[in-house]
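Structural description and commentary
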Amino acid sequence: MAGRPLIGVSTYLESEARWGVWELEAALLPAGYPRLVQRAGGLAALLPPDGPEHAAAAVARLDGLVIAGGPDVEPVRYGALPGPRTGPPARARDAWELALIDAALAADVPLLGICRGMQLLNVALGGTLVQHLDGHAEVPGVFGRHPVKPVPGTRYAGIVPEECSVPTYHHQAVDRLGSGLMASAHAADGTVEAIEPAGPAGWVLGVQWHPEMGEDLRVMRALAEAAAGPPEHPGAAAGTPGAAG
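What comes next is a walk through the structure. (Residues numbered from 1 in each chain as written. Predicted model: local features only at pLDDT ≥ 70, side-chain atom pairs only at ≥ 80, totals over all residues. Heavy atoms only, no water.)

1. Describing the overall build of the protein
Within the protein one finds 6 helices and 13 strands. For 245 residues, the compact-globule formula gives about 18 Å, and the C-alpha radius of gyration of the protein, at 18 Å, lands near that figure. In terms of its C-alpha atoms, the protein occupies a principal-axis envelope of roughly 65 × 50 × 35 Å. Expressed as a percentage of its 245 residues, the buried residues of the protein come to 48%. Put simply, of all contacts in the protein between residues at least 6 apart along the chain, 67% involve residues at least 24 apart. By element, 57% of the accessible surface of the protein is carried by carbon and sulfur atoms, the whole surface being about 11900 Å². Both charge centroids of the protein, one from 16 positive and one from 26 negative side chains, sit 3 Å from each other. (Helix = DSSP H or I, 4+ residues; strand = E, 2+ residues; numbered from the N terminus. Rg over C-alpha atoms; globule rule 2.2 N^0.38 Å. Buried < 20%, exposed > 50% of the residue type's maximum accessible area, 1.4 Å probe, protein only. Contact = heavy atoms within 4.5 Å. Areas by Shrake-Rupley, 256 points an atom, 1.4 Å probe, with all protein chains shown as cover. Lys, Arg positive; Asp, Glu negative; His and termini not counted. Charge placed at Lys NZ, Arg CZ, Asp CG, Glu CD.)

2. Some details on helix α3 (residues 91–107)
Here α3 contains 17 residues, and its C-alpha end-to-end distance of 24 Å stays within 8% of the 24 Å for a straight helix at 1.5 Å per residue. Of all the positions in α3, only R93, D94, W96, E97, L98, A99, L100, I101, A103 and A104 are classed as buried. Of the residues flanking the end of α3, it is D108, one or two places downstream, whose phi is positive at about 60°. (Expected span 1.5 Å × (residues − 1).)

3. Details of unusual backbone geometry
A positive phi is found at D108, a non-glycine position, where the angle reads about 60°. If you trace the backbone, D108 turns up in the loop between α3 and β6 (111–114).

4. Things to note about the pattern of salt bridges
Tallied over the entire structure, the rule returns 7 salt bridges. Across the pair R93 and E97 runs a salt bridge whose closest N-O atoms are separated by 2.7 Å. Of this pair, R93 and E97 both sit in helix α3, separated by 4 residues, roughly a single helical turn. Between D216 and R218 there is a salt bridge, and its shortest N-O distance comes to 2.8 Å. (Salt bridge = Lys/Arg side-chain N within 4 Å of Asp/Glu carboxyl O.)

5. Topic: the layout of surface pockets
Within this model, the largest pocket holds a volume of roughly 460 Å³. In this structure, the largest pocket is lined by 30 residues; those nearest its centre are G70, C115, Y169, H170 and H210. Residues belonging to the lining of the largest pocket are distributed by class as follows: 13 nonpolar, 11 polar and 6 charged. (1 Å grid on protein atoms, 1.4 Å probe; cavity = no way out; pocket = protein on both sides within 12 Å on 5 of 7 lines; lining within 4 Å. Points joined across faces, edges and corners; volume = space filled by probe spheres on them. Nonpolar A, V, L, I, M, F, W, Y, C, P; charged D, E, K, R; others polar.)

6. Observations concerning a nonpolar patch on the surface
Taken together, the side chains of W19, V21, W22 and L24 define a hydrophobic patch exposed on the protein surface, amounting to about 480 Å² of accessible area. Looking at the element boundaries, W19 is found in strand β2 (residues 12–19). (Patch = residues over 30% accessible without salt bridge, like charges linked within 9 Å, V, L, I, M, F, W, Y side chains within 5 Å.)

Structure, rendered in structure tokens:
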């Protein structure tokens, strides 16, 4: 690896946050996300919501992209009315992150969706969501754990081949899979816990849990390795024997 790959992570846009004497609108992100990127060998760049027309330019400067967890995706994005347990919309974030996903897929930039990010990846490709399920966020504000079982032969199973316990906090999940996607891990109750392209494609993965809240680096390290690209051939540098002229 010539250098640490630059991995963008999408952020929240909150109407007010407080630090010191200040209480202002803020673009913010739980520190677990950039720390996980850094621990896995990447450089973290935070991507606050912007105009969707700027997404392709942002992605062009990145080696990899993470769509972070957060609020519920607005149901209109997948042709549904909001249910009684669905949270308020985050329209600017939905629009920005959908544009980031589209740009990453078009440019073959390695992409990881985490929790909401996995759900939004599914929606971006025409899938739908279950708007509420029980058992995956039992205590408000407290991450739980449950086992996740990989589907043999998938990219996820190649990264994490065994069933393992993961940090989880969500009340929505994938319903109908988006075009070209397949489930690559499940919870014991059948909930889809990971998704990825069903056929040959670039590095794309969505996970329903929160790796930034645990100690297992394997998923983020796999993204960082894909973002770094293949090792440079010893003779590939300009001016060295065997380099292209």
